[in-house]
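Understanding the architecture of this molecule
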Amino acid sequence: SQTIHQWPATLVQPVGSPLSLECTVEGTSNPNLYWYRQAAGRGLQLLFYSVGIGQISSEVPQNLSASRPQDRQFILSSKKLLLSDSGFYLCAWRKRTGGIDGYTFGSGTRLTVV
Amino acid sequence: DQQVKQNSPSLSVQEGRISILNCDYTNSMFDYFLWYKKYPAEGPTFLISISSIKDKNEDGRFTVFLNKSAKHLSLHIVPSQPGDSAVYFCAANPSGTYKYIFGTGTRLKVLA
């Protein structure tokens, strides 16, 4: 079966510390992968997407970076977290089945920078 | 520049009545639209979609209407149930791109 895993579920990090969030998909190959962030009171903001290994497109310049070291792995990183990096981070996989085109989202990571 | 707008941040509806959630967009190159439902601390889940070649799509209690000339789509939930209480996001895909652009969401509260 096709699934998407994202961890950790919650994270509290001090300002200036590094960050690494991991997302993996199973049951598919060469997926398009995405990182979104939902900040408090705001919608879903696209941060990065990747259409293949080593291919990263950045939508919003900021304190974060992304990498795709393997076909089914997508990593969101930061060298030094800012308070404004707090939010709910979602990994997504673009899936086309039965004529429907859309995302399957992971369960999300709640990041609080203190 | 918000290309997909949900101008109502919240909506309250009595159980059994119709819920109507609205979404406006600015880019005429959007050719596919989605609605997602999100509970707190969970990832969004897919509800219903519509292609720009259609003006209506129905799935059980959920119907999405698309008015291309007005660049407007709406999600109707009939009848509304307390379990429908969540944040609803609309999303649009610019033709030929890999990404979806999401609106800011509308929080629906269905009152028992």
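Residues numbered from 1 in each chain as written. Chains lettered and ligands numbered in written order. Predicted model: local features only at pLDDT ≥ 70, side-chain atom pairs only at ≥ 80, totals over all residues. Heavy atoms only, no water.

It is worth spelling out the overall build of chain A at this point. Within chain A one finds zero helices and eleven strands. Overall, chain A shows an N-to-C arrangement of helices and strands of β-β-β-β-β-β-β-β-β-β-β. For 114 residues, the compact-globule estimate of 2.2 N^0.38 gives 13 Å, and chain A sits close to it at 14 Å. Each of the three principal axes of chain A carries a C-alpha extent, and together these read 45 × 30 × 25 Å. Within chain A, buried positions represent 50% of all 114 residues. At a minimum sequence separation of 6, the contacts of chain A that also span at least 24 residues come to 53%. Accessible surface, chain A: about 5,300 Å² in total, of which carbon and sulfur atoms supply 52%. Separation of charge centres in chain A, based on 10 positive and 6 negative side chains, amounts to 5 Å. (Helix = DSSP H or I, 4+ residues; strand = E, 2+ residues; numbered from the N terminus. Rg over C-alpha atoms; globule rule 2.2 N^0.38 Å. Buried < 20%, exposed > 50% of the residue type's maximum accessible area, 1.4 Å probe, protein only. Contact = heavy atoms within 4.5 Å. Areas by Shrake-Rupley, 256 points an atom, 1.4 Å probe, with all protein chains shown as cover. Lys, Arg positive; Asp, Glu negative; His and termini not counted. Charge placed at Lys NZ, Arg CZ, Asp CG, Glu CD.)

Bringing the sheet that holds strand 3 (residues 19-25) of chain B into the picture now. Paired through their backbone hydrogen bonds, the strands of a sheet run either parallel or antiparallel. Residues and elements named next belong to chain B. What the five strands build is an open sheet, ordered 1-3-8-7-6; its pairing is antiparallel. Whereas interior strands pair on both sides, the edge strands pair on one side only; in this sheet they are strand 1 (4-5) and strand 6 (56-59). Of the pairings in the sheet, the one linking strand 1 to strand 3 comprises two bridges and is antiparallel in character. Note that in strand 3 the partner of V4 across the bridge is Y25. (Pairing = 2+ DSSP bridges.)

Here the focus is the nonpolar core. Among the nonpolar cores identified, the biggest contains 24 residues, and F33, W35, L73, L75 and Y88 of chain B are the most heavily contacted of them. For this core, the secondary-structure elements that each account for two or more residues are strand 3, strand 4 (30-38), strand 5 (45-51), strand 7 (62-67), strand 8 (72-77), strand 9 (86-94) and strand 11 (106-111) of chain B. Counting residues in hydrophobic clusters, the runner-up holds 20 residues, among them L11, L64, F74 and C91 of chain A. (Core = buried A, V, L, I, M, F, W, Y, C linked by side-chain atoms within 4.5 Å.)

Quick look at the pattern of salt bridges now. Residue and element names in this part refer to chain A. Summed over all chains, the structure comprises four salt bridges over all chains. With a closest N to O distance of 3.4 Å, R68 and D71 form a salt bridge. Pair check on accessibility: R68 and D71 agree, each one buried. (Salt bridge = Lys/Arg side-chain N within 4 Å of Asp/Glu carboxyl O.)

What follows is about the side chain of R68 of chain A. Residue and element names in this part refer to chain A. For R68, the position within the fold is in strand 7 (residues 65-70). Of the polar contacts made by the side chain of R68, one reaches the backbone oxygen of P31; its length is 2.7 Å. Every residue in contact with R68, bar those within four places of it in the chain, is listed here: N30, P31, L33, S50, V51, G52, I53, G54, I56, Q73 and F74. (Polar contact = N/O pair within 3.5 Å; in protein donor to acceptor, adjacent residues only side chain to side chain.)

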